[in-house]
Number of protein chains: 2
Amino acid sequence: MEIIEATQLFSALSQESRLATVKHLIRIGPRGAPAGDVAKALDVPAPTMSFHLKELERAGLIHARREGRKIIYAADYGGLRELIDFLLADCCGGDKRLCGPYVILKESA
Amino acid sequence: MEIIEATQLFSALSQESRLATVKHLIRIGPRGAPAGDVAKALDVPAPTMSFHLKELERAGLIHARREGRKIIYAADYGGLRELIDFLLADCCGGDKRLCGPYVILKESA
DNA sequence: TTGATATTTCCATATATATGGAATTATGGA
DNA sequence: TCCATAATTCCATATATATGGAAATATCAA
């Protein structure tokens, strides 16, 4: 992953509501949740939530689909894996002091 | 790790020069490098580099020590490990879709 | 159509971050 | 002391990000 792409991922996760959103959507699983439900769960006004959801989507950490009049957001596991892969492989270069307790069993996607 | 602490780590890594600095200092190893050398290596003016090094130090990703008239910066492996741990454990909660290829061999620090 | 619901876009405002030249502080050597 | 080196702080400026009310858009149901 290019360093510039990585900074965009980090930037997306550098805001409290957004990090909480990602955490929330991972917990919910692939089925996801409508924007309004996420806003309620995090106690954030709708326009603010909409802004943050767009940011996360732009970074490739979540994705959206329409279902009737609801827009369902769900975690994008690919984008999240890329970030973890970047930290463990690209950035840290398999350094034992960083990756010590983690072992890569197979090549990452 | 608290979600607010994690956003501070992500924020520190959300800037190109800073992420490159961390990568550079990890490569160099625990001995570290003086501020001026890092600035030259990344082709960044001294005051700008100083600003970014402070940000990284504040986040706990690097640390500084004086050696004569030089100030030596080195990667803080603890801070970096916390971030990886947060992503794999706290945030993703051991979700197979995210942690799939990684295995935690022992409890993290 | 009309109305209710779901979400987004618009936009003014506030706050935070990044940049780098000039001046300042700190250290060591002659 | 005087000079050169190393790094920081100061500060003006530029840019980016966050916030949320009001208005606009989209969908469905009666």
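Residues numbered from 1 in each chain as written. Chains lettered and ligands numbered in written order. Predicted model: local features only at pLDDT ≥ 70, side-chain atom pairs only at ≥ 80, totals over all residues. Heavy atoms only, no water.

**Q** What is the right way to look at the packing of helix H2 (residues 16–28) of chain B against helix H3 (residues 35–42) of chain B in this model?
**A** Each pair of packed helices gets described by two things: the angle between the helix axes and the distance between those axes. Residue and element names in this part refer to chain B. Look at H2 against H3: their axes get within 11 Å of each other, and the N-to-C directions meet at 115°. When you trace H2 past H3, the crossing you get is right-handed. The residues of H3 that touch H2, namely those facing Ser-17, Ala-20, Thr-21, His-24 and Leu-25, are Val-38, Ala-41 and Leu-42. Broken down by class, the residue content of the contact of H2 with H3 amounts to 5 nonpolar, 3 polar and no charged. (Axes fitted to C-alpha atoms, helices over the stretch in contact; angles between N-to-C directions. Helix = DSSP H or I, 4+ residues; strand = E, 2+ residues; numbered from the N terminus. Left-handed = near helix turned anticlockwise from the far one by under 90°. Contact = heavy atoms within 4.5 Å. Nonpolar A, V, L, I, M, F, W, Y, C, P; charged D, E, K, R; others polar.)

**Q** When you look at the side chain of A:Ser17 in this model, what are you seeing that I'm missing?
**A** All names here are of chain A. Relative to the helices and strands, Ser-17 is located in helix H2 (residues 16–28). A relative accessible area of 19% places Ser-17 in the buried class. Leaving out residues up to four positions away in the same chain, Ser-17 has contacts with Leu-42, Val-44 and His-52. (Buried < 20%, exposed > 50% of the residue type's maximum accessible area, 1.4 Å probe, protein only.)

**Q** Hey, could you run me through the sheet that holds strand S2 (residues 62–67) of chain A in this one?
**A** The pairing of strands in a sheet comes from backbone hydrogen bonds and takes either a parallel or an antiparallel form. Residues and elements named next belong to chain A. Here we have 3 strands laid out as an open sheet, ordered S1-S3-S2, and antiparallel in their pairing. The outermost strands of the open sheet, each flanked by one partner alone, are strand S1 (33–34) and S2. Looking at chain direction, S2 and strand S3 (residues 70–75) are connected through 6 bridges and run antiparallel. Bridging across to S3, Arg-66 finds its partner in Ile-71. (Pairing = 2+ DSSP bridges.)

Read these as spatial facts, not as claims about activity.
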